[in-house]
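Notes for the structure review
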Amino acid sequence: MDELNGKLIACQILITGLIARVANEQRDPLRFLTDFRDEIKAVVNGVNIAGMDSTDRVRAVAHKTVDELFSLMKPPSSD
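Cut-off values and rules
- Residues numbered from 1 in each chain as written.
- Predicted model: local features only at pLDDT ≥ 70, side-chain atom pairs only at ≥ 80, totals over all residues.
- Heavy atoms only, no water.
- Helix = DSSP H or I, 4+ residues; strand = E, 2+ residues; numbered from the N terminus.
- Buried < 20%, exposed > 50% of the residue type's maximum accessible area, 1.4 Å probe, protein only.
- Contact = heavy atoms within 4.5 Å.
- Areas by Shrake-Rupley, 256 points an atom, 1.4 Å probe, with all protein chains shown as cover.
- Phe/Tyr/Trp six-rings, centres within 6.5 Å; stacked < 30°, edge-to-face > 60°.
- Core = buried A, V, L, I, M, F, W, Y, C linked by side-chain atoms within 4.5 Å.
- pLDDT = per-residue confidence, 0-100.

**Quick word on the overall build of the chain**
Helix and strand counts for the chain come out as 3 helices and 0 strands. For the chain, the N- to C-terminal ordering of α and β elements is α-α-α. In the chain, which comprises 79 residues, the share counted as buried stands at 16%. Summarising the internal contacts of the chain: among those between residues at least 6 apart in sequence, 48% fall at separations of at least 24. Roughly 6,500 Å² of accessible area belongs to the chain as shown, and the carbon and sulfur atoms make up 57% of that amount.

**Notes on the packing of aromatic side chains**
Under the definition given, this model contains 2 aromatic pairs. For the ring pair Phe32 and Phe36, a centre distance of 5.9 Å and an interplane angle of 15° mean the geometry is stacked. Here Phe36 and Phe32 lie together in helix H2 (residues 29-46), a separation of 4 residues that amounts to about one turn. For the ring pair Phe36 and Phe70, a centre distance of 6.1 Å and an interplane angle of 55° mean the geometry is tilted. Within this pair, whereas Phe36 is found in helix H2, its partner Phe70 is found in helix H3 (residues 56-71), the two being separated by 34 residues in sequence. One aromatic cluster is present, formed by Phe32, Phe36 and Phe70 through successive ring pairs.

**Notes on the nonpolar core**
Among the nonpolar cores identified, the biggest contains 8 residues, and these are Ile19, Ala23, Leu33, Val44, Val66, Leu69, Phe70 and Met73. The set of elements that each furnish at least two residues to this core consists of helix H1 (2-24), H2 and H3. Not counting residues up to four positions away in its chain, the partners in contact with Leu33 are Ile19, Ala23, Phe70 and Met73.

**Thoughts on the side chain of His63**
For His63, the location among the structural elements is in helix H3. Owing to a relative accessible area of 19%, His63 belongs among the buried residues under this scheme. Sequence-distant contacts of His63, that is, excluding residues within four places in its chain, are made with Lys41, Val44 and Asn45.

**Some thoughts on the confidence of the model for the chain**
On average, residues of the chain score 79 in pLDDT, and 87% of them are at 70 or above. Within the chain, the lowest mean pLDDT, 78, falls on H1, and the highest, 85, falls on H2.

And the structure:
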């Protein structure tokens, strides 16, 4: 289980870096990140989760993960 958690954390870091890289190339990086976060949350809401009686907890964890990923990114510096 620890190996799986480590791989998931590595994937989250990789994805965060990729999103940040793309955002830095945009004219308005903060708006891009906000729009992208909203799109990801819409996807989380629309994903079909089979085999569970209650998907609310799974969706809540997914939303929390999305928020954590985007909280790692800081707005561009004013330099």
